[in-house]
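Chain and residue survey
Now for the letters of each chain:
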Amino acid sequence: MSAVRCIDLCKTYRQGDQDIKALDHVTLEIKQGGFVCLSAPSGGGKTTLLNAIGGLDSPDSGEVWIAGKRIDNLSKGDLAQLRLTQIGFVFQAYNLIPVLTARENVEFVMQVQGVPANERQEKSTAILEEVGLKGLESRRPAEMSGGQQQRVAVARAIVSRPELVLADEPTANLDSKTSDELMQLFVELNEHHNTTFVIATHDQRVMSYARRLIRMLDGRIVDDINQRAA
Amino acid sequence: MRALAVVSMLAWRNLWRNHRRTIVMVSAITIAVWAMIFMTALMRGMVNDMIRDGIRALPGHVQVHHPDFRDDPSINNLIPMSDAALTAAFSRSDLDGWSSRVKVPAIISSERESRGVTLIGVDPELEQSIEGIGSNVAEGRNLEDVNDGGVIIGRKLAEKLDTELGKRVVLMSQDPDNEIADRGYRVVGLFEANLELQEEIFVFAGKATLQKMLGIENQVTEVAVLAADYRDVSDETEQVRALMNGDVEVLPWQELNNYLGSMLKVMDGFVLVWMIVVFLALSFGLVNTLVMAVFERVREIGLMLALGMRPASILGQIIVESILLLIIGLILGNTLAWASVVPLQDGIDISAVAQGMEMFGASSILYPELTLDDIVLANVVVLVLGFFASLSPAWRASRYEPIEAITKV
């Protein structure tokens, strides 16, 4: 079964007097356990595609399927439930809730899911150790570096073992060393937990970690490369 | 339930995120709640004092008269039961206090002045039980029994008549045959009342002495009954009606003095209006605080929605934040109001403006009255209206589109 399937997706934005085609008949399938990078110049449609896959944005036409379930016609409440239980998100910036500690941020999704406190604590302790943040559990976002904050965001995204993790420019605000560490972490999680990763980026270094690279331009997929095979 | 735990924690943390703003808002709520409760306690104290003074002047909470007595308070409108029959009936009841009286209009004359007064013949023993004005003798002695030959007059009346304790005065009224009935009395006591007007118009004599003067042995014009709680005298009114035979009028104080009776209702309405007005002034600050709090957290709200938090939880988070703010303000406001009222239990001397106050029946000492009903009303008004005031910013926050909110600069 496919982790993600997009069929003939179209999305047009109006900017001033112009219609901008953010998605132009995009069809795409990603298998479970895939490690995919969406690459495009700014305005190329990668973030719009990622948002459509994550149920954060609705396409004008076409279909989006996640784990065999069509989601583009779901209600807001059902989409919220889908994001809560099946998808992990890592955004470019402003990833964490400032008034919560690193541990509380990691536990946030589980708490909304209704996971018991002891189970939450057990899982958050393990995942924070896994992402190299042991000892920083009580720090608030303002007391951590950008890299550490992104690690907390990654920990939150994967702690409840979602089938799919969507990351939008996760390394945009990080230095190269921290970017490499974060990508290494993604790869390990992908390999160990068979989690599907879809990463939108225009960073060549990030693309080099992907097993599949999808290049977009003006809302269309112009290239779909299996890098491992290559 | 699980959502409530999450939103409560987030609301509490966010409350102290901008602690200066929160402290300013809590201070505003505290002062508003204090103003609601403290000012209400002052007004309630003043009005209740006016009502109690009015009831003391009636006196009693329930009165029995001949049906025509209120229109024509003359000796011709006697209660059609003998005083002995009344005493027998009321003595068997379990009423807190009662007194039968003879009340007639009269002229009092000293050797220098004459004035129109209300002459009241009382049984001093029974009168104590209804806490009438005449039982508050400040100088001299009280009446000893129903046959006492002296009178008690108000201190102000003594001044007006240019007379004093121990001097004789003449009281003149009409008997049932419309003949002049008069008698000389010695002033044996001077009473004081909160209102000078009451000191000027009431004169108390022994009931039997007055009955003899007027030629109405064993008959009275009025029975006054004291109830357990002056606010609700319906039970006592029914009890007295059951005791009476013949054509009589049994009325609670609210109907005997419509002005006093309506004051209670007017006061309750005024208190509610006052609290709502104070809250409306406060609500501008509250709504502004919440709007700012939401505006500052647009991206954060977008993030929470993107992670799967439902809009209803965002709505709840802002409302809980508002309620927490209100609860802190209420606790402090209630405490401050209590701490302000307790030291003033002995009364506030407003004698500098007492004459003006007396024009509408208030005394020169103001006793604040903190009632549970008023405290509950203030708290409920703040919480309920606060809840509604916070709905608009909370609704706006819950309507954000996650992706638009998260990318907002």
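Quick caveat: nothing in here was measured; it's all calculated off a predicted structure. (Residues numbered from 1 in each chain as written. Chains lettered and ligands numbered in written order. Predicted model: local features only at pLDDT ≥ 70, side-chain atom pairs only at ≥ 80, totals over all residues. Heavy atoms only, no water.)

Focus on the overall build of chain A
- Along its length, chain A carries 7 helices and 10 strands.
- For 230 residues, the compact-globule estimate of 2.2 N^0.38 gives 17 Å, and the C-alpha radius of gyration of chain A, at 17 Å, lies within 12% of that figure.
- In terms of overall dimensions, chain A has C-alpha extents of about 50 × 40 × 40 Å along its principal axes.
- Split into buried and exposed, the 230 residues of chain A put 54% on the buried side.
- A separation threshold of at least 6 residues defines the contact pool for chain A, and within that pool the share at least 24 residues apart is 69%. (Helix = DSSP H or I, 4+ residues; strand = E, 2+ residues; numbered from the N terminus. Rg over C-alpha atoms; globule rule 2.2 N^0.38 Å. Buried < 20%, exposed > 50% of the residue type's maximum accessible area, 1.4 Å probe, protein only. Contact = heavy atoms within 4.5 Å.)

Examining the sheet that holds strand E10 (residues 220-226) of chain A
Residues and elements named next belong to chain A.
- Taken in spatial order, the 6 strands of this open sheet run E6-E7-E8-E3-E9-E10, and their pairing is mixed. In this open sheet, the two edge strands, each paired with only one partner strand, are strand E6 (87-90) and E10. Across this sheet, the average inter-strand angle for adjacent strands is 15°, counted without regard to direction.
- Judged from the 6 bridges that link them, strand E9 (residues 212-217) and E10 form a sheet pairing that is antiparallel. Note on E10: the bridge partner recorded for Leu-217 is Arg-220.
- Its contacts with the sheet place helix H5 (residues 146-158) against E6, strand E7 (164-168) and strand E8 (196-201), and it is angled at close to 170° to E6. (Pairing = 2+ DSSP bridges. Axes fitted to C-alpha atoms, helices over the stretch in contact; angles between N-to-C directions.)

Some details on the interface of chain A and chain B
- The partner chain B presents 21 residues to the 26 residues of chain A that form the contact.
- Buried surface at the junction of chain A and chain B, summed over both partners, amounts to about 2,400 Å²; 63% is from carbon and sulfur atoms.
- Along the contact surface separating chain A from chain B lie 2 salt bridges.
- Across the contact surface, chain A and chain B share 7 residue pairs in polar contact (both at pLDDT 80 or more). (Buried area = accessible area lost by both parts, 1.4 Å probe. Salt bridge = Lys/Arg side-chain N within 4 Å of Asp/Glu carboxyl O. Polar contact = N/O pair within 3.5 Å; in protein donor to acceptor, adjacent residues only side chain to side chain.)

Some remarks on the pairing of strand E10 (residues 249-252) of chain B
All names here are of chain B.
- The alternating pattern of E10 places Glu-249 and Leu-251 and Val-250 and Pro-252 on opposite faces, both of which are buried.
- Pairing of strand E1 (residues 62-65) with E10 involves 4 bridges; the strand directions are antiparallel. Paired with Gln-63 across the bridge in E10 is Leu-251.

Some thoughts on helix H4 (residues 117-130) of chain A
All names here are of chain A.
- Relative to the 20 Å expected for 14 residues at 1.5 Å per residue, H4 spans 20 Å between its end C-alpha atoms, a close match to the ideal helical length.
- Every buried residue of H4 is listed here: Arg-120, Ser-124, Ile-127 and Leu-128. End-on, the buried residues of H4 take up no more than an arc of 100°, which puts them together on one face. Among the exposed residues of H4, those oriented more than 90 degrees off its buried face are Asn-118 and Glu-122.
- Looking at the buried residues of H4, the elements they touch are helix H3 (102-113) and H5.
- Two residues or fewer past H4, Gly-132 is found with a positive phi of approximately 80°. (Expected span 1.5 Å × (residues − 1). Arc of directions from axis to C-beta.)

Focus on the pairing of strand E3 (residues 35-39) of chain A
All names here are of chain A.
- Of all 5 residues making up E3, 5 are buried, and the element is well covered by its neighbours.
- In this structure, E3 lies alongside E8, joined through 5 bridges in parallel fashion. Bridge pairing in E8 links Phe-35 to Phe-197.
- Two strands pair when backbone bridges link them, and E3 and E9 are joined in this way by 4 bridges, in the parallel orientation. Counterpart to Leu-38 in the pairing with E9 is Ile-214.

Topic: the nonpolar core
- Core analysis: the largest hydrophobic core is formed by 147 residues, its most contacted members being Leu49(A), Phe108(A) and Met244(B).
- With 16 residues, helix H2 (residues 19-57) of chain B is the single largest residue contributor to this core.
- Mapped onto the domain boundaries, this core takes at least three residues apiece from domain 1 (2-54 + 261-407) and domain 2 (60-256) of chain B. (Core = buried A, V, L, I, M, F, W, Y, C linked by side-chain atoms within 4.5 Å. Domains from an automatic or database assignment.)

Some thoughts on the environment of Val203(B)
All names here are of chain B.
- Relative to the helices and strands, Val-203 is located in strand E8 (residues 202-206).
- Separated by 50 residues in the primary sequence, Val-203 and Ile-153 place their C-alpha atoms 4.8 Å from one another.
- Setting aside residues no more than four positions away along its own chain, Val-203 makes contact with Ile-108, Val-117, Thr-118, Leu-119, Ile-120, Val-151, Ile-152, Ile-153, Leu-157 and Leu-171.

Digging into the packing of aromatic side chains
- Scanning all chains against the criterion turns up 9 aromatic pairs over all chains.
- When the centroid spacing of 5.3 Å and the interplanar angle of 75° are considered together, the rings of Phe387(B) and Phe388(B) count as edge-to-face.
- For Phe387(B), a relative accessible area of 32% gives the class partly exposed.
- Through pairs of rings, three or more aromatic residues link up here, namely Phe35(A), Phe186(A) and Phe197(A).
- Sitting over the face of the ring of Trp395(B), Arg399(B) holds its NZ or CZ atom 4.5 Å from the ring centroid. (Phe/Tyr/Trp six-rings, centres within 6.5 Å; stacked < 30°, edge-to-face > 60°. Lys NZ or Arg CZ within 6 Å of the ring centre and 35° of its normal.)

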